[in-house]
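# A closer look at the structure
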Amino acid sequence: LSPRHTQDHWRKLPAAMALTLYTFPGNFRAFKILIAAEYNGIAIDVPPFEMMKDNKEPWFLALSPMGKVPVLKTPQGSLFESNAIARYVARMRRDTELYGATFFESGQIDGWVDFSTHELELAVTMWLYPVIGYMPFNPAATEKAKVDCKRCLATIEAHLADKTYLVGHKITLADITVASALVYPMKILFTAEYRKAFPNVMRWFTTCANQDEFKAVVGDVILCKQELLPDGAAAAAPAAAAAAPAKKEQKPKKEKKEQQPKKEKAKKAKEDKPAEPPKAKKQDHPLKIMDKEKPTNFIMDAWKKIYSNCHGDYQSAMTQFWDLFDAEGWSIWTCRYKYSAENEKAFMVSNAINGFIQRSGEIRKWLFGVMWVTGEEKVTPLEISGCYLIRGQEIQPLKDANDDAEHYNWYKVDCSTPEGKALVFEMWCSTDGSFEFLEGKVCVACSEFK
């Protein structure tokens, strides 16, 4: 997560001071811990960690009884719950006053840390998690979350009206905790229109995010230009509008007119009524048209069930795949990110592949694939690659559905050769964590699209 959080850095410190933080890449609840460590000059090792696998191991459950992250391993024992760990790290040096210059300031900091946990983070995650696929999208819950986020931001806005920082006259754990909770919303949820009501919050957040200690952990925070939407959000809006009962317009009372014969009234109304334009017929998706015009025996849902339920027996799953595969109706492509040389932070690159997958939902019925991040921070470039099965013989439908696909070079796999089949096996069948390397490079993260 940070260039300073490496195993090599420990060689400069006494062994008794060694601290290890277990968390998955990009966990915003770990940000406050690592930023506090930056301010206090404390090195923390962050080893690779895979959720749903490592957190179920007996050695980890001995550190974290509920199997949750983050967890800090210290020479004295383990600490769990992110706020407890952040407070511990902030208190490791008194001279930095990260936990307040006075006993009263420490109490104020505790108040803002609790505010972040029980008010801000709750609202933010209810909006954010459907976007990144952590929970199903619920339109009513998302709308409520947006309102709750505004209420939280309004609280911070009013507090900062005559202050530079949340507590005292320097950055403290209060600023670190609240700003950490806002990193992802500021990047993918809060548009300029949403932010403009909170100038004090933006002044304060920008100040925090531009500090070297913040950048060492979260990198540059590019503010959101267009809100990232969860799958189904675009369809939910018109459906909700259609379901809402139309309000009757109150017409002003008209003076009584002399009654006209009914036939004349009907004739006049018919003449006055403008002709309705013909309704445009909704165009079917090109891949849906292909399904009608060029039927295929390969059923994508059946393959996704085989893959999801193989329980690590990928050899059997892939044997079934090649038996079912229709080479004329489907094609397989690998992709390589064009700008891998610019990738620096593992958690940021992991977020990039998750975002790519989220934005490909329009053609989920006709698409399956796996995305990878390989390499080592500060050692080798962090490279993004993937392998996708798509309906038809072109990758263009994916480019049409997801603008990010233009940032990749695409190569069709020759599935008639043993080499082609071996490449597909490696790209699709290393996701259970049993492979340390992909194409000879260290595996950092992967995400499945299915």
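Everything here concerns the structure above.
For every chain, the first residue of its written sequence is number 1, and the numbers climb from 1 along that sequence. Local features in this predicted model are restricted to residues of pLDDT 70 or higher, and side-chain atom pairs are both shown and tallied only at a pLDDT of 80 or more, whereas totals for entire chains, interfaces and linings draw on every residue. As a convention, hydrogens and water are excluded, and side-chain values are obtained from all of the structure's heavy atoms.

### Digging into the side chain of Asp326
Tracing the sequence through the fold places Asp326 in the loop between α14 (314-324) and β4 (330-337). Only protein chains enter the accessibility calculation, which uses a 1.4 Å probe; a residue whose area is less than 20% of its type maximum is buried, one above 50% is exposed, and one in between is partly exposed. Only four residue types enter the charge count, namely Lys and Arg as positive and Asp and Glu as negative; His and the chain termini do not. Salt bridges are defined as contacts in which a side-chain nitrogen from Lys or Arg sits within 4 Å of a carboxyl oxygen from Asp or Glu. In this structure Asp326 is buried but unpaired, with Arg391 as the nearest side chain of opposite charge at 5.3 Å. Residue contacts are counted whenever heavy atoms from the two residues lie within 4.5 Å of one another. Apart from the residues within four sequence positions on either side, Asp326 is in contact with Thr296, Asn297 and Phe298. Secondary structure follows DSSP: runs of H or I at least 4 residues long count as helices, runs of E at least 2 residues long count as strands, and numbering of each begins at the N terminus.

### Some words on the packing of aromatic side chains
We call Phe, Tyr and Trp rings a pair once their centres come within 6.5 Å, taking the six-membered ring for Trp, and we label the pair stacked below 30 degrees between planes, edge-to-face above 60, and tilted otherwise. The full count for this structure, using the stated rule, is 33 aromatic pairs. Measuring from centroid to centroid gives 5.2 Å for Trp112 and Phe115, while their planes differ by 80°, and the two rings are edge-to-face. Within this pair, Trp112 and its partner Phe115 are both found in helix α4 (residues 103-131), separated by three residues, close to a single helical turn. Side by side, Trp112 and Phe115 carry an identical accessibility label, which is buried. With a centroid separation of 5.2 Å and 55° between ring planes, the pair formed by Tyr337 and Tyr408 is classed as tilted. Linking Tyr337 in strand β4 with Tyr408 in strand β7 (residues 408-412), this pair joins segments that are 71 residues apart in sequence. We classify Tyr337 as partly exposed; its relative accessible area is 22%. Taken together, the ring pairs in this structure connect Phe298, Trp303, Tyr307, Tyr314, Phe321, Trp322, Phe325, Trp330, Phe368 and Trp428 into an aromatic cluster. The side chain of Arg364 reaches across the aromatic face of Phe449, ending 4.5 Å from its centre. Our definition puts a charge over a ring when NZ of Lys or CZ of Arg is within 6 Å of the ring centre and also within 35 degrees of the ring normal.

### Quick word on the side chain of Thr142
Within the secondary structure, Thr142 is located in helix α5 (residues 139-159). Residue Thr142 is classed as buried on the basis of its relative accessible area of 6%.

### Some details on the sheet that holds strand β2 (residues 71-74)
At least two bridges found by DSSP between two strands are what make those strands a pair. Read from one edge to the other, the open sheet built from three strands follows the order β1-β2-β3, with strand pairing classed as antiparallel. In the strand order of this sheet, the two ends are held by β1 (20-22) and β3 (77-80), each with one partner. Sheet twist, expressed as the average angle between the axes of neighbouring strands with direction ignored, equals 20°. Where β2 meets β3, four bridges bridge the pair, whose relative direction is antiparallel. Following the sheet pairing, Leu72 is matched in β3 by Leu79. The convention used is that axes are lines fitted to C-alpha atoms, helices contributing only their stretch in contact, and that angles between N-to-C directions extend from 0 to 180 degrees.

### Structural notes on the pattern of salt bridges
Pairing between side chains becomes possible if they bear opposite charge and their charged atoms approach one another. Per the stated rule, a full pass over the model turns up 18 salt bridges. Taking the shortest distance from any N to any O, the salt bridge between Glu121 and Arg29 comes out at 3.5 Å. Of this pair, Glu121 sits in helix α4 while Arg29 sits in helix α1 (residues 28-40), and the two are 92 residues apart along the sequence. By relative accessible area, which is 28% here, Arg29 ends up partly exposed. Close ionic contact of Asp114 with Arg87 constitutes a salt bridge, the shortest N to O distance being 3.5 Å. Note that Asp114 is positioned in helix α4 and Arg87 in helix α3 (residues 82-90), a separation of 27 residues in sequence. If you follow the salt bridges from partner to partner, you end up with Arg29, Lys32 and Glu121 in one network.

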